[in-house]
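# Architecture and fold: a report
Single-letter residue listing:
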Amino acid sequence: LSPANGDYTLIQKAERAMTVTSVVTQSASGSATVTLKIDGTPLGGTANAASTSEQTQTHSTANIIPTGGKLTMTVSSNSACQKAAIQVNYTETIP
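Below, the structure is looked at part by part. (Residues numbered from 1 in each chain as written. Predicted model: local features only at pLDDT ≥ 70, side-chain atom pairs only at ≥ 80, totals over all residues. Heavy atoms only, no water.)

## Focus: the overall build of the chain
Along the backbone of the chain there are zero helices and nine strands. Ordered by position from the N terminus, the helices and strands of the chain form the series β-β-β-β-β-β-β-β-β. Rg of the C-alpha trace for the chain: 13 Å, near the compact-globule value of 12 Å for 95 residues, within the 12% margin. Relative to its full complement of 95 residues, the chain shows a buried share of 32%. The contacts of the chain with a sequence gap of at least 6 include a subset with a gap of at least 24, amounting to 78%. Within the structure as shown, the chain displays about 5200 Å² of accessible surface, and the carbon and sulfur contribution to it stands at 49%. (Helix = DSSP H or I, 4+ residues; strand = E, 2+ residues; numbered from the N terminus. Rg over C-alpha atoms; globule rule 2.2 N^0.38 Å. Buried < 20%, exposed > 50% of the residue type's maximum accessible area, 1.4 Å probe, protein only. Contact = heavy atoms within 4.5 Å. Areas by Shrake-Rupley, 256 points an atom, 1.4 Å probe, with all protein chains shown as cover.)

## Comments concerning unusual backbone geometry
The backbone of Ala62 sits at a positive phi, close to 50 degrees, despite the residue not being glycine. Here Ala62 shows up in the loop between strand S6 (55–58) and strand S7 (64–65). Classification of Ala62 by relative accessible area gives partly exposed; the value is 43%. For Lys83, which is not glycine, the phi torsion reads 50 degrees and is therefore positive. In this fold, Lys83 is placed in the loop between strand S8 (71–82) and strand S9 (85–92).

## With respect to the nonpolar core
One finds Leu36, Leu43 and Ile65 to be the most contacted residues of the largest nonpolar core, which totals 16 residues. Those elements giving two or more residues to this core turn out to be strand S2 (18–26), strand S3 (29–38) and S8. (Core = buried A, V, L, I, M, F, W, Y, C linked by side-chain atoms within 4.5 Å.)

## Remarks on the pattern of salt bridges
On inspection of all chains with the given rule, the structure shows one salt bridge. The partner of Glu92 in a salt bridge is Arg16, with the nearest N and O atoms 2.8 Å apart. Within this pair, whereas Glu92 is found in strand S9, its partner Arg16 is found in the loop between strand S1 (6–11) and S2, the two being separated by 76 residues in sequence. Judged by its relative accessible area of 34%, Glu92 is partly exposed. (Salt bridge = Lys/Arg side-chain N within 4 Å of Asp/Glu carboxyl O.)

## Brief notes about the side chain of Thr25
Relative to the elements of secondary structure, Thr25 occurs in strand S2. The contacts of Thr25, once residues within four sequence positions are left out, are Val34, Asn48, Ala49, Ala50, Ser53, Glu54, Gln55, Ala85 and Ile86.

The structure is reproduced here in structure tokens:
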């Protein structure tokens, strides 16, 4: 992913409730700020800085995606970010 500043939908409509535990980012070159949001609300904690050094941010508040919820990613402060990798770690609630 060579992202431009803007919003990207990662999950349009969650089939089950999920709890985001951490987000991992890295890019081949350049950098950008990556903020994940659930139904428009940023995850609690610090946004990720996608750069050539892998970064993991844990999230323990505002991190539950409800059934039917939407997960989006906002990219900002892009400085020639290329080949960004974004990994969302989560646990899932199974009925």
